[in-house]
Amino acid sequence: MADTAAPPAGQTSLSAGRAARTVGWAVVSLAGSKLVVFVTTLAMARLLVPEQFGVVAAGLTLIALVETGLDLGVGAAVVYEQETGVSDRIRTAFTLNLLVAAVLTVTAVTSAPLVAALFGVPDDVLLLQVLFGYLLLRGAGQVPDAVLRRDLRFKRRAVVEISRAGVRAVVSIGLAVGGAGAWSLVGGLLAGELVGTVATWWAIRFVPRLRIDRSVAATLLRFGGAVLAIRLLTAVGENADYVVVGNRLGPEDLGLYLLAVRVPELFLANIYWIVSSVAFSLFSRVRAVHAEEFGSVVLRALRLITVPAFAAAAGLVVVAEDLTGVLLGDTWAGAAGPMALIAVAMGVSAIAYASGDVFPAIGRPGVLARVLVPVVLLRVLALLAAAPHGLVAIAGAQLVVSVVNAVVRLVLVHRLVRLSGRALLGALVPAAVTATGALLGAVPVTSLMAPGPGRLAATVVAGAGTAVLLLRLLAPAALDDIVGVVRSATSRQAVR
C-alpha cells in the first residue's frame, strides 16, 4: 500500500469518537440538505410541467460536467496533505480555483446557444446564461469547503449545507408560486449557492486574498491533476444519460427522466454522498496515522454502505409505481419504469462509491483515472444504443454498466490494497441478505393490496422489517456494527 508516512507534525490520531462525530455531522449535513432539496423538488413538480424541468436539466447537465474541473483537483490535494490552518498554500489553491471558475463561467455563458440547440430549447438561451453564473459562485467556495473536510469540521459544514438548501427552497417555491416558471429553479439555485459560499467563508473565518506561489501551485496541481481526471471521467459517465435523453428524446422525456433519477437519489445517492463526503478525509487520516488498519477500514466501509443500499434498491423496485403516483402525481407516471431500473443501478453503484476514495487516499488516483476511460466509453455507447428504445432501455443500459464498473473497482481494490477476493465478497454477503429480505417482505404486500398510499406505507414497513430480521438471523455481526455506528454517530457526544 502506498504512502504510509508518519503523520504530519501536530497531527493527532483519529479516535473512534472523532470518526463518529464526523459521520454524525455528515449525516446531518447531507440528509438535511438533500431532504430539503427533495421536498422542494416535489413541490416544484406540482407547480411546473415536465418541459420546464427539462429546460433547467439541460443547463444542469453542462454545469455538472464543468463543475468537476472548477478546482483542478486542488481541493483533494488540500485534504490529502493534512496540513493545518489557512496557510499560503490554501490561498494559492483558492486563487487557482477562482481563476478557473471565472474562465469556465465565461466559456459556459458564451456556449449557451450551442447547449440550447443540443437539447432542443433554442428559446431559452438567456435562462441558461444566467444559470451558468452558478459556476463562479460555486468556485469561490470549493477550497474553503476542502478545509472544512480536511479538518473533519462537519458540524460547521452541516450548517452551511442546510442553509444553502433552505434558501434555495424558499426562493424557488416563492418564484414558482409567482408564476416565474423555469426561472424559479434558476433563481433558487443561484440564491442558495450565494448564501452557501458566504457561509463557507464564515465557517473557517476565511478572508479572500489572491496569491499565487508557483512552487506550491505545481505541487497542488501534480496531485490534483489525476483527481481531476477521475472527476471529469466520472462526470461524463454520470451525466451522459441526460445528454442522450435530451438530445434524442426531447425536453419532456428529459423532465420525466430527471424525476425518475431524483427519487432513488433520496434513498440511495444520499447515502453515497454522505460516505463520499467523509470517506476521503477519513481514509487519508487513517493512512497517515494508522496505516496497518487501512485494509480493515476499507472492508468495513464497503459493508456499511452496501447493506442499506442493496436493501433500499430492492425495495424501490417494488414500490416505484406507488412512489411515482403518490409523490409526483399522474403527470409523471412515465417515470415509474425507468425509476425501478435506475434504483437497481444505483444500488450496485454502492460498491464503486465505497472504493472510489481509496485510490486518492493512498496516493494512487491515476490508476482509477486510467481504468475509468473504458468504463465511461462503454456507458456512452450503451446509452446511444438504448436511446431509440425509450427511457426504460436507457435505465437498463445504466444498470449493465454499473455492474461492470463494480466488478472493475473490486478487482482494483484487491490488487492495490492487497485484500483477498474472499474478504471482499464476504463484505458483500450482508448486503445480499438485506436485499433478499426486502423483496421477501415487500412483494407479497404489493400483490395483496390495491395501489395507493396505504400499499406504499405497508410495503415499506414489511420490506424494511423483513430485511432487518433476515440480517439479524443470517449476519448478526453486520447488523450490530451498523447499529453501533448509528448510535455513536447520533449520540450526544458524537454530535455536540
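Please read these numbers as outputs of a predicted model, since none were measured by experiment.

Calculation notes
Residues numbered from 1 in each chain as written. Predicted model: local features only at pLDDT ≥ 70, side-chain atom pairs only at ≥ 80, totals over all residues. Heavy atoms only, no water. Helix = DSSP H or I, 4+ residues; strand = E, 2+ residues; numbered from the N terminus. Buried < 20%, exposed > 50% of the residue type's maximum accessible area, 1.4 Å probe, protein only. Lys, Arg positive; Asp, Glu negative; His and termini not counted. Salt bridge = Lys/Arg side-chain N within 4 Å of Asp/Glu carboxyl O. Contact = heavy atoms within 4.5 Å. Axes fitted to C-alpha atoms, helices over the stretch in contact; angles between N-to-C directions. Parallel < 35°, antiparallel > 145°, perpendicular 65-115°, else oblique. pLDDT = per-residue confidence, 0-100. 1 Å grid on protein atoms, 1.4 Å probe; cavity = no way out; pocket = protein on both sides within 12 Å on 5 of 7 lines; lining within 4 Å. Points joined across faces, edges and corners; volume = space filled by probe spheres on them. Nonpolar A, V, L, I, M, F, W, Y, C, P; charged D, E, K, R; others polar. Phe/Tyr/Trp six-rings, centres within 6.5 Å; stacked < 30°, edge-to-face > 60°. Expected span 1.5 Å × (residues − 1).

## Quick notes on the side chain of Arg379
Thinking step 1. Note on placement: Arg379 falls in helix H17 (residues 365-386).
Thinking step 2. As a buried residue without a salt bridge, Arg379 has its nearest oppositely charged side chain in Asp241, at a separation of 6.8 Å.
Thinking step 3. When residues no more than four places from it in sequence are discounted, the contact partners of Arg379 are Gly237, Glu238, Gln398 and Val401.

## Observations concerning the environment of Gly120
Thinking step 1. Its place among the elements puts Gly120 in the loop between helix H5 (112-118) and helix H6 (125-131).
Thinking step 2. When the C-alpha atoms of Gly120 and Arg248 are compared, they prove to be 9.5 Å apart, with 128 residues separating the residues in sequence.

## Some points on the packing of helix H4 (residues 88-110) against helix H8 (residues 142-150)
Thinking step 1. The contact between H4 and H8 brings their axes to 8 Å, and the two run at 140 degrees. Of the possible angle classes, the one that applies to H4 and H8 is oblique. Side by side, H4 and H8 meet where Ile90, Ala93, Phe94 and Asn97 of the first sit next to Gln142, Val143, Pro144, Val147 and Arg150 of the second.

## Focus: the environment of Gln398
Thinking step 1. Inspection of the secondary structure puts Gln398 in helix H18 (residues 391-416).
Thinking step 2. Given a relative accessible area of 10%, Gln398 falls into the buried group.
Thinking step 3. Along the primary structure Gln398 and Ala345 are separated by 53 residues, whereas in three dimensions their C-alpha atoms are 6.2 Å apart.
Thinking step 4. Those residues in contact with Gln398 that lie beyond four places of it in its chain are Asp241, Tyr257, Ala345, Arg379 and Leu383.

## Some words on helix H3 (residues 74-81)
Thinking step 1. Extensive coverage of H3 is indicated by the burial of seven of its eight residues.
Thinking step 2. Looking only at H3, the buried set comprises Val74, Gly75, Ala76, Ala77, Val78, Val79 and Tyr80.

## Concerning the environment of Val376
Thinking step 1. Checked against the element boundaries, Val376 lands in helix H17.
Thinking step 2. For the pair Val376 and Val401, spaced 25 residues apart in the sequence, the C-alpha separation amounts to 8.7 Å.
Thinking step 3. Other than its neighbours up to four places away in sequence, Val376 contacts Leu233, Val236 and Gly237.

## Observations regarding unusual backbone geometry
Thinking step 1. The residue Arg205 is not glycine, and still its phi comes out positive at about 55 degrees.
Thinking step 2. As for its placement among the helices and strands, Arg205 is situated in the loop between helix H10 (182-203) and helix H11 (214-249).
Thinking step 3. Relative accessible area serves as the criterion here: at 52%, Arg205 is assigned to the exposed category.
Thinking step 4. One non-glycine residue, Arg418, adopts positive backbone phi at about 60 degrees.
Thinking step 5. Within the element layout of this structure, Arg418 appears in the loop between H18 and helix H19 (421-448).
Thinking step 6. For Arg418, a relative accessible area of 66% corresponds to the exposed category.

## Focus: the confidence of the model for the chain
Thinking step 1. In this model, the chain carries an average pLDDT of 82, and 89% of its residues clear a pLDDT of 70 or more.
Thinking step 2. Below a pLDDT of 50 lies the segment residues 1-16, which in the model reaches 34 contacts outside its immediate sequence neighbourhood of four places, other chains included.
Thinking step 3. The low-confidence segment residues 492-496 (pLDDT under 50) makes 13 contacts with residues lying over four places distant or belonging to another chain.

## Topic: empty space enclosed by the protein
Thinking step 1. Enumeration according to the criterion identifies two cavities of 30 Å³ or more in this entry.
Thinking step 2. Of the pockets and cavities examined, the second largest cavity occupies roughly 40 Å³.
Thinking step 3. Elements with a contribution of two residues or more to the lining of the second largest cavity: helix H13 (294-328), helix H15 (350-356) and H18.
Thinking step 4. At three residues, H15 tops the list of elements feeding residues into the lining of the second largest cavity.
Thinking step 5. Looking at the lining of the second largest cavity residue by residue, the classes come out as seven nonpolar, one polar and no charged.

## Thoughts on the packing of helix H2 (residues 50-67) against H11
Thinking step 1. For the pair H2 and H11, interaxial distance at closest approach is 8 Å and the crossing angle is 170 degrees. The angle between the axes of H2 and H11 places the two elements in the roughly antiparallel class. Along its contact with H2, which presents Thr61, Ala64 and Leu65, the element H11 presents Leu232, Ala235, Val236, Asn239, Tyr242 and Val243.

## Observations concerning the packing of aromatic side chains
Thinking step 1. Tallying each qualifying case throughout the model produces four aromatic pairs.
Thinking step 2. Seen from their ring centres, Tyr242 and Tyr257 are 5.8 Å apart, and the 80 degrees between their planes marks the pair as edge-to-face. With a gap of 15 residues between them, Tyr242 in helix H11 and Tyr257 in helix H12 (residues 251-289) connect regions that are remote in the sequence.

## Some thoughts on H18
Thinking step 1. Taking 1.5 Å of rise per residue, the 26 residues of H18 would be expected to cover 38 Å, and the 37 Å separating its terminal C-alpha atoms lies within 8% of that figure.
Thinking step 2. Arg418 sits one or two residues past H18 and shows a positive phi near 60 degrees.

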